[in-house]
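# Summary of structural features
Chain residues, written in single-letter form:
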Amino acid sequence: MNVVSTREELAVARKELPGRVAVVMTMGALHDGHVELVRQARTQADSVVVTIFVNPLQFGANEDLSTYPRTLDQDLALLDGLADVVFTPTPEVVYPTEALVRVSAGALGTVFEGASRPGHFDGVLTVVLKLMHLTTPDVALFGQKDAQQLAAIRRMVSDLDVPVKVVAVPTVREPDGLAMSSRNRYLTDEQRSTALLLSKALRTRDVAAGRALFDSSSADLDYLERVDSSTFEVTPEGDLLIIAAKVGTTRLLDNLPLKDNS
Ligand code: PAF
């Protein structure tokens, strides 16, 4: 496994990769959900690049950029034998000049997660496009857990004619149903039990019944809605149930596809 951190090292490493190349983009603090993305990448391509970069552009002023878990040594140990190249740039490598020009997520960037985190999806799309340019993959894999991010990336790739195939990988869950997330490590034991309400609410497959579960709970439900998984418009025919709630100070997301995978 070749670990590189500059653009020049990446270009050399990328040239040496044989066959079709898949990329898995991450912010580190890797868990089994990421491992599944990398394993799936191996089934889609001959070579696998993983990027580890905590992207400042997608964090708001009062969010957890400075405290976001950074566990590079453990991440590299987890990827050993799974990835061919790991790109671990600093912010200065990714953004050598101020990111004046950015990708806009349009209407997808202003609803649900975009409403709670203004500018978040513009920051995500900007770094995803940059990392696609830097790693020049044939295929890029993203987790279904961040469904709005996935929809925005698919739309960017289509609207901007980016020659990369986007593949979604189903959410990996703990045995009790909690969707895996790097932010789960912020939860106390008690909060972790409360966090199970998200997957429980989804399993009701019903907006009203799911919302009712939060009535007498310490978790703060932000939204539970049935939406179209491409546009994130709320519709009774929607193919995706989405939920976000704050447990303590940690904002958690989850979703359940209602048609193809149900
Ligand atoms: O899903 C994430 O970890 C990030 O949003 C991504 C896609 C790596 C962009 O920074």
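Analysis parameters
- Residues numbered from 1 in each chain as written.
- Predicted model: local features only at pLDDT ≥ 70, side-chain atom pairs only at ≥ 80, totals over all residues.
- Heavy atoms only, no water.
- Near = heavy atom within 4 Å.
- Polar contact = N/O pair within 3.5 Å; in protein donor to acceptor, adjacent residues only side chain to side chain.
- Areas by Shrake-Rupley, 256 points an atom, 1.4 Å probe, with all protein chains shown as cover.
- Nonpolar A, V, L, I, M, F, W, Y, C, P; charged D, E, K, R; others polar.
- Pairing = 2+ DSSP bridges.
- Helix = DSSP H or I, 4+ residues; strand = E, 2+ residues; numbered from the N terminus.
- Axes fitted to C-alpha atoms, helices over the stretch in contact; angles between N-to-C directions.
- Contact = heavy atoms within 4.5 Å.
- Buried < 20%, exposed > 50% of the residue type's maximum accessible area, 1.4 Å probe, protein only.
- Salt bridge = Lys/Arg side-chain N within 4 Å of Asp/Glu carboxyl O.
- Phe/Tyr/Trp six-rings, centres within 6.5 Å; stacked < 30°, edge-to-face > 60°.

What follows covers the site of the ligand. Residues in close proximity to the ligand include Met 25, Thr 26, Met 27, Asn 55, Gln 58, Val 127 and Gln 149, which together make up its full environment. Within the side chain of Gln 58, an N or O atom sits 2.6 Å from an oxygen atom of the ligand. Within the side chain of Gln 149, a nitrogen or oxygen atom sits 2.7 Å from an oxygen atom of the ligand. Look at the ligand: alone it shows 290 Å² of surface, and the protein chains cover 88% of it. Its residues assigned to classes, the shell around the ligand comprises 3 nonpolar, 4 polar and no charged.

Taken in spatial order, the 3 strands of this open sheet run S7-S8-S9, and their pairing is antiparallel. At either margin of the open sheet sits one strand with a lone partner, and together these are strand S7 (220-227) and strand S9 (250-257). Averaged over all neighbouring strand pairs, the angle between strand axes comes to 10°, with direction disregarded. The pairing of strand S8 (residues 240-247) with S9 spans 8 bridges and is antiparallel. Across the sheet, residue Lys 246 finds its bridge partner in S9, namely Arg 251.

The strand order across the open sheet built from 6 strands is S1-S4-S3-S2-S5-S6, with neighbouring strands paired in parallel fashion. Of all the strands in the sheet, just strand S1 (2-4) and strand S6 (165-169) have a single pairing partner and so form its edges. Mean inter-strand twist for the sheet, computed between neighbouring axes without regard to direction, equals 25°. Examined bridge by bridge, strand S5 (residues 139-143) and S6 share 5 bridges and lie parallel to one another. Note on S6: the bridge partner recorded for Phe 142 is Ala 168. Against the sheet, helix H1 (residues 7-16) makes contact with S1, strand S2 (21-26) and strand S4 (85-87), and its axis sits at roughly 150° relative to S1, the strand it touches most. Along the sheet, helix H2 (residues 32-44) makes contact with S2, strand S3 (47-52), S5 and S6, crossing S5 at roughly 150°.

What follows deals with the side chain of Thr 250. Relative to the elements of secondary structure, Thr 250 occurs in strand S9. A residue is classified by how much of its surface remains accessible, and Thr 250, at 4% relative accessible area, is buried. The contacts of Thr 250, once residues within four sequence positions are left out, are Arg 183, Tyr 186, Leu 187 and Ala 245.

Here we take up the pattern of salt bridges. What the rule picks out here adds up to 10 salt bridges. Salt-bridge contacts for Arg 155 lead to Asp 159; the nearest nitrogen and oxygen are separated by 3.1 Å. A residue pair is termed a helical-turn pair when its members lie 3 or 4 positions apart in one helix, as Arg 155 and Asp 159 do in helix H7 (residues 147-159) at 4 residues. On the basis of relative accessibility, which here comes to 46%, the residue Arg 155 falls in the partly exposed class. Here Asp 254 makes a salt bridge to Arg 173, at a shortest N to O gap of 2.8 Å. Taken together, the residues Asp 254 in strand S9 and Arg 173 in the loop between S6 and helix H8 (189-203) connect sequence positions 81 residues apart.

Right, let's get into the packing of aromatic side chains. Summed over the entire model, instances satisfying the criterion amount to 4 aromatic pairs. Judged by centre distance (5.7 Å) and plane angle (75°), the rings of Phe 59 and Tyr 68 are edge-to-face. Tyr 68 sits in the buried class, given a relative accessible area of 7%. Seen in terms of ring centroids, Phe 112 and Phe 232 are 6.4 Å apart; in terms of plane orientation they differ by 65°. Their pairing is edge-to-face. With Phe 112 in the loop between helix H4 (91-94) and helix H5 (113-116) and Phe 232 in the loop between S7 and S8, the pair connects residues that are 120 residues apart, well separated along the chain. Accessibility classification places Phe 112 together with Phe 232 in one group, the buried group. Put simply, the rings of Phe 112, Tyr 223 and Phe 232 touch in pairs and so form one group of aromatic residues.

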